[in-house]
Amino acid sequence: MRVLEQASQLIARLRHSQFAANTTKLALGQGLRLSIQAAYFVLIARTLGPKQYGAFVAMASLVAVASPFAGFGSTIVLLKYVSRDRSQLAAYWGNGLLTIAVSGFLLSLVILAVSPFFLGREFVFLTIFVSLSDLFMIRVADLATFAFVALGRMGESARINVYITFTRLVGIIIISASIRHPTVRDWTIAYTLGATVCFIYAFVRTTIVAGGIQVRPSQAWKTLPESALFAVSISSATIYNDMDKTMVGKIAGFAATGIYGAAYRIVDVSLVPVRAMLSAAYPEFFRLGIGGPTATKKYAYKLIKRSAPFGFAVTVALLLGAPILPHILGKSYSSTVEALRWLAVIPLLRCVHIFLADGLTGAGHQGSRTLVQVSVGVLNVVLNIFFIRYWSWRGAAWSSIICDAALALSLWAVFQHLTSSNKAEALTAESCTP
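Residues numbered from 1 in each chain as written. Predicted model: local features only at pLDDT ≥ 70, side-chain atom pairs only at ≥ 80, totals over all residues. Heavy atoms only, no water.

Peer 1: Account for helix α11 (residues 272-288), naming residues and giving values.
Peer 2: Its 17 residues place the ends of α11 24 Å apart at the C-alpha level, agreeing with the 24 Å of an ideal helix rising 1.5 Å per residue. The axis of α11 is deflected most strongly, by about 35 degrees, at Ala281, and proline Pro283 appears within four residues downstream. Within α11, the full set of buried residues consists of Val272, Val274, Ala276, Met277, Leu278, Ala280, Ala281, Tyr282, Pro283, Phe285 and Phe286. (Helix = DSSP H or I, 4+ residues; strand = E, 2+ residues; numbered from the N terminus. Expected span 1.5 Å × (residues − 1). Bend = angle between axes of the 7 residues up to and from the residue. Buried < 20%, exposed > 50% of the residue type's maximum accessible area, 1.4 Å probe, protein only.)

Peer 1: Could you give an account of the environment of Ile385, with specific residues and numbers?
Peer 2: Inspection of the secondary structure puts Ile385 in helix α16 (residues 366-432). Here Ile385 falls in the partly exposed class, since its relative accessible area comes to 42%.

Peer 1: I'd like to hear about a nonpolar patch on the surface, residue by residue, with values.
Peer 2: Residues Leu98, Val102, Phe105, Leu106, Leu109, Ile200, Phe203, Val204, Ile208, Ile213 and Val215 make up a contiguous nonpolar surface patch of about 980 Å² in total accessible area. Looking at the nonpolar patch, the elements with two or more residues in it are α4 (89-119) and α7 (184-210). In terms of residue count, α4 provides more of the nonpolar patch than any other element does, five residues in total. Along the chain, Val204 turns up in helix α7. (Patch = residues over 30% accessible without salt bridge, like charges linked within 9 Å, V, L, I, M, F, W, Y side chains within 5 Å. Areas by Shrake-Rupley, 256 points an atom, 1.4 Å probe, with all protein chains shown as cover. Salt bridge = Lys/Arg side-chain N within 4 Å of Asp/Glu carboxyl O.)

Peer 1: Which residues make up the packing of helix α5 (residues 124-150) against helix α6 (residues 154-178), and what are the values?
Peer 2: Viewed as axis vectors pointing N to C, α5 and α6 meet at an angle of 155 degrees, and their least axial separation amounts to 6 Å. With respect to α6, the element α5 is oriented roughly antiparallel. You can see that α5 and α6 cross each other, and the crossing is left-handed. Contact residues: α5 offers Asp134, Ile138, Ala141, Asp142, Ala144, Thr145, Phe148 and Val149, while α6 offers Met154, Glu156, Ser157, Ile160, Asn161, Ile164 and Arg168. Per-class residue counts for the contact of α5 with α6 are eight nonpolar, three polar and four charged. (Axes fitted to C-alpha atoms, helices over the stretch in contact; angles between N-to-C directions. Parallel < 35°, antiparallel > 145°, perpendicular 65-115°, else oblique. Left-handed = near helix turned anticlockwise from the far one by under 90°. Contact = heavy atoms within 4.5 Å. Nonpolar A, V, L, I, M, F, W, Y, C, P; charged D, E, K, R; others polar.)

Peer 1: Got a sec to walk through the pattern of salt bridges? Specific residues and values, please.
Peer 2: Enumeration according to the criterion identifies seven salt bridges in this entry. Among the salt bridges present, the one from Asp268 reaches Arg350, with a minimum N-O distance of 3.8 Å. With Asp268 in helix α10 (residues 254-270) and Arg350 in helix α15 (residues 346-362), the pair connects residues that are 82 residues apart, well separated along the chain. The buried category is assigned to Arg350, whose relative accessible area is 5%. Across the salt bridge formed by Arg369 and Asp358, the nearest N and O atoms sit 2.8 Å from each other. Here Asp358 lies in helix α15 and Arg369 lies in helix α16, a separation of eleven residues in the sequence. What makes Asp358 buried here is its relative accessible area of 5%. Overlapping salt bridges, with partners in common, bring together Glu156, Arg159 and Arg205 in one network.

Quick look at the structure:
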């Protein structure tokens, strides 16, 4: 009876918990997005084959390394300040759009300059389309999702995320139905058209909710140092998440990129529910951050305890379910079984370090988080240069495991240092009190 009573009390608390409600909304949206992602991933992998799919993954990963600077951290700045004062949405929405337009244009020039080295000249034209999609239009859609999270409208945020994936599914279905032997060029054009549809919806919808667009250059300039830290932090994360795929394409060839990219996509998809929890918790980290790192550390540990069992279950599921992949993607992806098994531990590691990282940000220690993530990003590049040359995609997998583990340990160590320093200062102040 007591167990039943405790269970009913827990259910009652969850029903009245805003966090649980927000997580549920985002999880439902992410779950739908997961289903759509799975469908279009299978279609594109089977339709293009490992080599052409690998070429697209290499292009998208190269652009992804630069994409956090498209907007220069304006998404996090918007979330931080609008979650505290919702009347500021029009200003931070306008500043974000301006920042995306300027930075996206400059980054596109940089990407076009370096793409021949990484991808070869044959893909320069297609890289323009991927840059237009991921450095402009999808960044605006991302800014819109953060705006609705800041407003507490998780359902609207989830819908935009679903639309991003749904338009891509429609694109690959149309290609598969209308072209007998589609190429990476066909998919890239469809990819960009899908992003255009999503951009138009996100732009119009958010502008209406914000009551217009206000551009305040002085305000944008004032928050520039803070947004720069956010941009560098996010970019360093994309380095160890995406740069390895571009490096595999450069060093080991696009076929190896297709094998590794397919396995990594499964890992990314498996973490969708955890990202829903992270999105729901992000505004709370900023609110608790007023109390310093001790408060956000406690909250981060609470979330890790909730997510770690799921991460462990995903790791086991990936290890056991890996042999199914060639039956779904095709026999040409048989090596993906081994790749997925190597990467299977990553979901468990990320269930730890993603919450620790946001805990530092919420406590006002974005600089410490950025330093750790940049260091791990550099480590990832150095390891990949050596590992991929000798062990192809296996080397990239080993590098990813090492870097995710290093990130979790480093962020934990930073938190331990910050909280122990706070305790020491509190004890000193107490002893000095007459």
